[in-house]
Amino acid sequence: MNEKLFLTIIAPLIVTTVDGGAIVFLIQHKETVEIVTMIADILIKTIALIIGGSWALYEIKKYRAFQQWIQLDIDAYLYKLRSAVNGIPLTWDHGKLKTRPAQLSTHVVEVLLKFTNKGRTRLRLYNIQIGINTMRQPDKTKFDEYDLHLKLTRIFSSGNIVPIFGRELFCLDTRFQSDLDMDNKSLSADLRKEFNARLKKNRRLSERATLEIEQRGSEWVVTDGGWSYMIWKEGEKLRVYLKAEPKIYWYWDRLRRLGTKPPIEDLPIEKTSSYYIEPGVEQTITYLALITEPRELIQIYAEFSLEPERIFPKRRRGRKGLFPHTAARTYQIDAKGNLIKVN
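A quick note: this is a predicted structure, and the numbers were derived from the prediction, not measured.

Rules and cut-offs
- Residues numbered from 1 in each chain as written.
- Predicted model: local features only at pLDDT ≥ 70, side-chain atom pairs only at ≥ 80, totals over all residues.
- Heavy atoms only, no water.
- Pairing = 2+ DSSP bridges.
- Helix = DSSP H or I, 4+ residues; strand = E, 2+ residues; numbered from the N terminus.
- Axes fitted to C-alpha atoms, helices over the stretch in contact; angles between N-to-C directions.
- 1 Å grid on protein atoms, 1.4 Å probe; cavity = no way out; pocket = protein on both sides within 12 Å on 5 of 7 lines; lining within 4 Å.
- Points joined across faces, edges and corners; volume = space filled by probe spheres on them.
- Nonpolar A, V, L, I, M, F, W, Y, C, P; charged D, E, K, R; others polar.
- Patch = residues over 30% accessible without salt bridge, like charges linked within 9 Å, V, L, I, M, F, W, Y side chains within 5 Å.
- Areas by Shrake-Rupley, 256 points an atom, 1.4 Å probe, with all protein chains shown as cover.
- Salt bridge = Lys/Arg side-chain N within 4 Å of Asp/Glu carboxyl O.
- Buried < 20%, exposed > 50% of the residue type's maximum accessible area, 1.4 Å probe, protein only.
- Polar contact = N/O pair within 3.5 Å; in protein donor to acceptor, adjacent residues only side chain to side chain.
- Contact = heavy atoms within 4.5 Å.
- Core = buried A, V, L, I, M, F, W, Y, C linked by side-chain atoms within 4.5 Å.
- Phe/Tyr/Trp six-rings, centres within 6.5 Å; stacked < 30°, edge-to-face > 60°.
- Lys NZ or Arg CZ within 6 Å of the ring centre and 35° of its normal.

Asker: I tried to follow the sheet that holds strand β13 (residues 227–234) on my own but got confused; where do I start?
Answerer: The pairing of strands in a sheet happens through backbone hydrogen bonds and is either parallel or antiparallel. A sheet is described by the order of its strands in space; here 5 strands give the open sequence β10-β14-β13-β12-β11, paired in antiparallel fashion. Of all strands in the sheet, those bounded by a partner on one side alone are β10 (170–172) and β11 (210–215). Direction aside, the axes of adjacent strands within the sheet are offset by 30° on average. Pairing between β11 and strand β12 (residues 219–224): 5 bridges, direction antiparallel.

Structure below.
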């Protein structure tokens, strides 16, 4: 603050309480003006610092209270089947769906994931995954070579247990399933023709469109440039959902809508498939898994991500670079096959 500014702001206040000689006095005593100016400058900076610090504290508190306070607890029950059944010969391993030797499943594990949102607003979870471990055979027991902890063996890995939510674009006739299950990674002429007859004009499939089998007989992905479409078999229907769209189209579409919220059928399923975790209450998600006979111990492992889009099980980190949160609980199996729970 300089002398001119001081005289403009502060002097009139003095004049209202002091006779007209005050201004002359101040002009004749520049040292006094400079001291008062310095004090005023310090006061303004102090006030600005207090306001800025208070705002920073508010933002930190808001971030902690509104976004990150979520707790996961695990509970589980083990049920022995009266007769063994054929298990699913598929498992997720490091983001890839792999085939494993067919095995008879003798037990069912009921996993209860108990989420508590300790923030003040509802939270959307797009990614939750479960793994189940047990003891190895005695002659195959393993320990970590660094910290020597016991290494269990994975007998089950789920996909993303958050179900697909979204409005389908259209349905395909099941006669196209044989075209979808072909291994040549390209679309048949009939399938491309059917797609283009159903899609909007600006989304027609090109000759470069590719087909990927996610799970033969039930799940496929069609990709064409930045566009991709998820196809799910549900009953006797092949349902088609929008999976992803080019970024440039996303920005242009939102600009065209002038900030209005697009209908759900125009949003990728990665953005629409989520669970809401409400504040202040405990919400339980239940999951049933078929497993082979466990030995001695059973460990339930779960992880979730706060990424605002669906990325599990193929990726662990999304665009925001957030690491997954994990929780695990280990139970001993008693002689009757029940889980011993330690509170």
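Still more ground to cover, so stick around.
Asker: How should the layout of surface pockets be read in this particular structure?
Answerer: One simple way to see leftover space: roll a probe sized like a water molecule over the atoms. Roughly 1100 Å³ of volume is contained in the largest pocket. If you trace the largest pocket, you find 42 residues lining it, with Asn 160, Met 230, Arg 310, Phe 312 and Pro 313 closest to the centre. Elements supplying a minimum of two residues to the lining of the largest pocket: β2 (90–93), β9 (153–157), β11, β13, β14 (237–244), α7 (247–256), α8 (269–272) and β16 (282–291). A total of 4 residues in the lining of the largest pocket trace back to one element, the largest contributor, which is β16. When the residues that make up the lining of the largest pocket are grouped by side-chain class, the tally is 22 nonpolar, 7 polar and 13 charged. Counted as a void, the second largest pocket has a volume near 470 Å³. Taken together, 24 residues make up the lining of the second largest pocket; nearest its centre are Gln 103, Thr 153, Arg 154, Ile 155 and Thr 292. Contributing elements (two or more residues each) for the lining of the second largest pocket: β9 and β16. Looking at the lining of the second largest pocket residue by residue, the class counts come to 10 nonpolar, 9 polar and 5 charged.

Asker: Explain the sheet that holds strand β1 (residues 70–86) here, please?
Answerer: Pairing is antiparallel across the open sheet formed by 3 strands, whose spatial order is β1-β4-β16. Both outer strands of the open sheet, β1 and β16, are each paired with one neighbouring strand and no more. In this sheet, neighbouring strand axes are inclined to one another by 15° on average, regardless of whether the strands run parallel or antiparallel. The pairing of strand β4 (residues 104–117) with β16 spans 10 bridges and is antiparallel.

Asker: In this structure, what is going on with a nonpolar patch on the surface? I would like to understand it.
Answerer: A contiguous nonpolar patch, built from Ile 35, Ile 39 and Leu 43 and spanning about 300 Å² of accessible area, is present on the exposed surface. Mapping Leu 43 onto the fold places it in helix α4 (residues 30–68). Exposure remark for Leu 43: the relative accessible area of 52% places this residue in the exposed category.

Asker: Which parts of the structure should I look at to understand the side chain of Asn 117?
Answerer: The residue Asn 117 is located in strand β4 in this model. Within the structure, Asn 117 has its side chain in polar contact with the backbone oxygen of Ile 277 (distance 3.0 Å). If sequence neighbours within four positions are ignored, Asn 117 has contacts with Trp 69, Arg 122, Leu 123, Ile 277, Glu 278, Pro 279, Gly 280 and Val 281.

Asker: Help me understand the nonpolar core in this model?
Answerer: Side chains of nonpolar character tend, in soluble globular proteins, to be buried together. Counting residues in hydrophobic clusters, the biggest one holds 31 residues, and the most contacted among them are Val 109, Leu 113, Phe 115, Leu 125, Ile 128, Ile 132 and Ile 298. Those elements that place two or more of their residues in this core are β1, β4, β5 (123–125), β6 (127–134), β9, β16, β17 (297–305) and β18 (325–333). Counting residues per element, this core draws most heavily on β1, which supplies 5 residues. Excluding its chain neighbours within four sequence positions, the residues that come into contact with Val 109 are Ala 76, Tyr 77, Leu 78, Ile 132, Tyr 287, Leu 288, Ala 289, Ile 291, Ile 298 and Ile 300. Formed by 19 residues, the second largest nonpolar core is a distinct cluster that contains Phe 170, Leu 191, Ile 231 and Leu 238.

Asker: Where do I start with the packing of aromatic side chains in this structure?
Answerer: Each aromatic ring pair is specified by the distance between its two centres and by the angle formed by the two planes. This structure, assessed with the given rule, holds 4 aromatic pairs. Each ring, one from Phe 115 and one from Phe 304, has its centre 5.5 Å from the other, and the planes form 80°; the classification is edge-to-face. A residue pair is termed long-range when its members are at least 10 positions apart, and Phe 115 in strand β4 and Phe 304 in strand β17 qualify at 189 residues. Given a relative accessible area of 0%, Phe 115 falls into the buried group. Between Phe 195 and Tyr 229, the ring centres sit 5.9 Å apart and the planes meet at 65°, which makes this aromatic pair edge-to-face. With Phe 195 in helix α6 (residues 189–198) and Tyr 229 in strand β13, this pair connects stretches of sequence that are 34 residues apart. On the basis of relative accessibility, which here comes to 0%, the residue Phe 195 falls in the buried class. By relative accessible area, which is 0% here, Tyr 229 ends up buried. Three or more aromatic residues joined by ring pairs form one cluster here, namely Phe 170, Phe 195 and Tyr 229. Taking NZ or CZ as reference, Arg 316 lies 4.1 Å from the ring centre of Phe 312, over its face.

Asker: Looking at this model, I keep getting lost on the pattern of salt bridges. Mind explaining?
Answerer: A side chain of one charge can pair with a side chain of the opposite charge if their charged atoms are brought near each other. A full pass over the atoms with the stated rule returns 10 salt bridges. With its nearest N and O atoms 3.5 Å apart, the salt bridge here joins Lys 45 to Asp 41. Placement of both Lys 45 and Asp 41 in helix α4 is noted, with a separation of 4 residues, approximately one turn of the helix. Given a relative accessible area of 55%, Lys 45 falls into the exposed group. Between Glu 278 and Arg 122 there is a salt bridge whose closest N-O contact spans 2.8 Å. Here Arg 122 lies in the loop between β4 and β5 and Glu 278 lies in the loop between β15 (275–277) and β16, a separation of 156 residues in the sequence. Salt bridges linked by common partners bring Lys 271, Glu 309 and Arg 319 together as one network.

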